[in-house]
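Structural overview for review
Given next are the chains, with one letter for each unit.
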Amino acid sequence: TRSVTTMTDPDFSTAPLDVVVIGAGVAGMYAMHRLREQGLRVHGFEAGSGVGGTWYFNRYPGARCDVESFDYSYSFSEELQQDWDWSEKYAAQPEILSYLDHVADRFDLRTGFTFDTRVLSAQFDEGTATWRVQTDGGHDVTSRFVVCATGSLSTANVPNIAGRETFGGEVFHTGFWPHEGVDFTGKRVGVIGTGSSGIQSIPLIAEQADHLYVFQRSANYSVPAGNTPLDDKRRAEIKAGYAERRALSKRSGGGSPFVSDPRSALEVSEAERNAAYEERWKLGGVLFAKTFADQTSNIEANGTAAAFAERKIRSEVQDQAIADLLIPNDHPIGTKRIVTDTNYYQSYNRDNVSLVDLKSAPIEAIDETGIKTADAHYELDALVFATGFDAMTGALDRIEIRGRNGETLRENWHAGPRTYLGLGVHGFPNLFIVTGPGSPSVLSNMILAAEQHVDWIAGAINHLDSAGIDTIEPSAEAVDNWLDECSRRASATLFPSANSWYMGANIPGKPRIFMPFIGGFGVYSDICADVAAAGYRGFELN
Ligand code: N01
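Here goes a summary of the coordinates provided. Numbers given for residues are sequential positions, taken from 1 along each chain in its written order. pLDDT decides what is reported in this predicted model: residues at 70 or higher carry local features, side-chain atom pairs at 80 or more are listed and counted, and totals for whole chains, interfaces and linings draw on all residues regardless. The side-chain figures draw on all heavy atoms in the structure; neither hydrogens nor water molecules are used.

Think of it this way: DSSP has to see at least two bridges between two strands before they count as a pair. Each helix is a run of H or I in the DSSP string that is no shorter than four residues. Each strand is a run of E no shorter than two, and both are numbered from the N terminus. Across the sheet, 3 strands lie side by side as β13-β14-β15; this open sheet has antiparallel pairing. Each edge of the open sheet is held by one strand with a lone partner, namely β13 (363-367) and β15 (377-379). Within this sheet the neighbouring strands show an average axis-to-axis angle of 20 degrees, counted without direction. Note that β13 and strand β14 (residues 370-373) share 4 bridges and pair antiparallel. The residue of β14 that forms the bridge with A365 is K372. To define axes, lines are fitted to C-alpha atoms, for helices over the stretch in contact only, and angles between the resulting N-to-C directions are given on a 0 to 180 degree scale.

Right, let's get into the site of the ligand. One heavy atom suffices: a residue is near a molecule or strand as soon as one of its heavy atoms comes within 4 Å of it. Looking at the ligand, there are 23 residues lining it, with T194, S196, S197, R217 and S218 nearest. Nitrogen and oxygen atoms within 3.5 Å of one another constitute a polar contact, given that in protein one can donate a hydrogen and the other can accept it, and given that sequence-neighbouring residues count only through two side-chain atoms. Separating an oxygen atom of the ligand from a backbone N or O atom of R64 is a distance of 3.3 Å. Residue T194 places a main-chain N or O atom 2.9 Å away from an oxygen atom belonging to the ligand. Bound to the protein, the ligand loses 87% of the 910 Å² it would expose on its own. Residues are grouped as follows: nonpolar covers Ala, Val, Leu, Ile, Met, Phe, Trp, Tyr, Cys and Pro; charged covers Asp, Glu, Lys and Arg; every other residue, Gly included, is treated as polar. Tallied by class, residues from the shell around the ligand come to 9 nonpolar, 9 polar and 5 charged. Residue-level accessible areas treat just the shown protein chains as cover; the underlying method is Shrake-Rupley with a 1.4 Å probe.

Strand order in the open sheet made by the 5 strands is β7-β16-β8-β9-β12, with parallel pairing throughout. Edge strands, defined here as strands with exactly one partner in the open sheet, are β7 (170-173) and β12 (353-357). Taken pair by pair, the neighbouring strands of this sheet meet at an average axis angle of 20 degrees, ignoring direction. Sheet topology note: the strand β8 (residues 188-192)/strand β9 (residues 211-216) ladder contains 5 bridges and is parallel. Each bridged residue has a counterpart across the sheet, and for V189 the counterpart in β9 is L212.

Along the chain, the position of D71 falls in the loop between α2 (54-57) and α3 (78-83). When the C-alpha atoms of D71 and G23 are compared, they prove to be 22 Å apart, with 48 residues separating the residues in sequence. Here, residues are in contact when the closest pair of their heavy atoms is within 4.5 Å. Excluding residues within four positions of it along the chain, D71 makes contact with R245, R246, S249, P257, F258, N445 and L448.

This part covers the packing of helix α1 (residues 26-37) against helix α13 (residues 446-467). Two numbers describe how α1 lies on α13: the axes approach to 9 Å, and their chain directions differ by 35 degrees. Of the two possible hands of crossing, α1 and α13 adopt the one that is right-handed. Residue-level inspection shows V26, A27, Y30, A31, R34 and L35 of α1 in contact with α13, the latter providing M446, I447, A450, E451, V454, D455, A458 and I461. Of the residues contributing to the contact of α1 with α13, the split by class is 11 nonpolar, no polar and 3 charged. Helix crossings are classified by the rotation of the near helix relative to the far one: an anticlockwise turn of less than a right angle makes the crossing left-handed, while a clockwise turn makes it right-handed.

On their own, these measurements won't tell you what the molecule is for.
Given below as structure tokens:
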């Protein structure tokens, strides 16, 4: 066995590595820890100046996780999960980042990464069966394996609106927020976008700004977080039952310890149905979308949940003409990521907030002083793009990844991402993707999903090393079959009917394909375990 690298490895750029990890977010951090523990020589590169990925970059006001803090945390170390004290049911970005900083210190992870460094290319050499990885910091390293922990929502989408660069005021994207924060006091602010990032930041920007204009193209469903502080008593209760809570999460559809009522929303009485919705509404956030088992597969069942949400919106918003605009009418509830908010709808009861409906009057241009729509001009001092990300494929697309025969990943995925289990790509031996397209990924608790993937990858590398095998690569047939399986499962739901980022619909020209595996986290974990137990069925080992 090799010795564990626990100190900065000064030779990483000259001697061949076992693994290069791209990214130091929740997935890359765990990959560094787990693969080092296996005795592998690992080095990572991270574009940010610190660990945390999503939680390092997304510092906009109101940024908060929509999975409960006790669930959205690493499960790999019992001591860690018992020691750490979450202060709130849903943790805000600064607390999650300090948790991840703590994990990095506790497990000495920073020493394994070079920060402020972006991987530019990764090229597979068939002769030596190694990857050559180059960065914008001039690193040129070789490694047997590459683990892409590049994130699903890490490449900003800034729409190409005419005149964008001419705007004279301050410009921000929620996903790349200044570390020192932004003071909007006395300013006229425009927020473009009403997805999770927009809906979370709008109430806080509204409290500061002189006037806030919300530019809404599509209304989104949002459920109040119902966030509460946690006290010692509650923390002790949760920690006492942690094993059970984790076990439930790992068997569940979404990676949290909650299951849907297995009945159809249509087979219970209206009173019972509304009571169930009310209870879930109080639980908060995404769980509402999973009250009944058929809520996102049967349009009629879905309609009952949508009607409930509509009544809630109407009861919060004083001006019913504004409520009309805030009620989504273009997708079944839950088929776009439902938002978890704090005081979102109430923001529209403020005198200093205006909702600008882009459906009736689209943006025509941005100019030096503001935004021009088809029927008005809005003078602005600051402009916030809450316009989301090139999801699931964007971060990999930016890296020049070349597999066998010099084929690029971009070419391989020109009609949409093609993976086996989301973990590997035919033609790209020894390249692993963590929480990539074809895995439950963004439909599940991303920390537990990353752990499950990294554990599987560690097992696969261990298998290769014990058997003296150099490479692992999915067969073309396994990729075809997995794509069919993913698309069969997606078409049994209402998800493909929404113009969501799950479908690539938010990026002009991106192929429309439902990218995540929708069969559930527990089911998926079983499939991965089965594949490994069957000698890595569907993978070619050479
Ligand atoms: O991005 P989005 P996001 N003109 O793509 C609009 C996770 N997350 O950053 O729907 C005008 O959802 C676009 O309009 P439309 C979570 O998984 C989680 O908010 O395309 N508008 C939409 O309203 C989430 O789903 C949390 O018509 C334009 C908005 O911009 C994912 O990240 C918090 C436009 C983009 O919404 C992405 O969320 C934050 C244009 N040209 C994020 N282009 C938690 O709560 C785009 N839009 C944990």
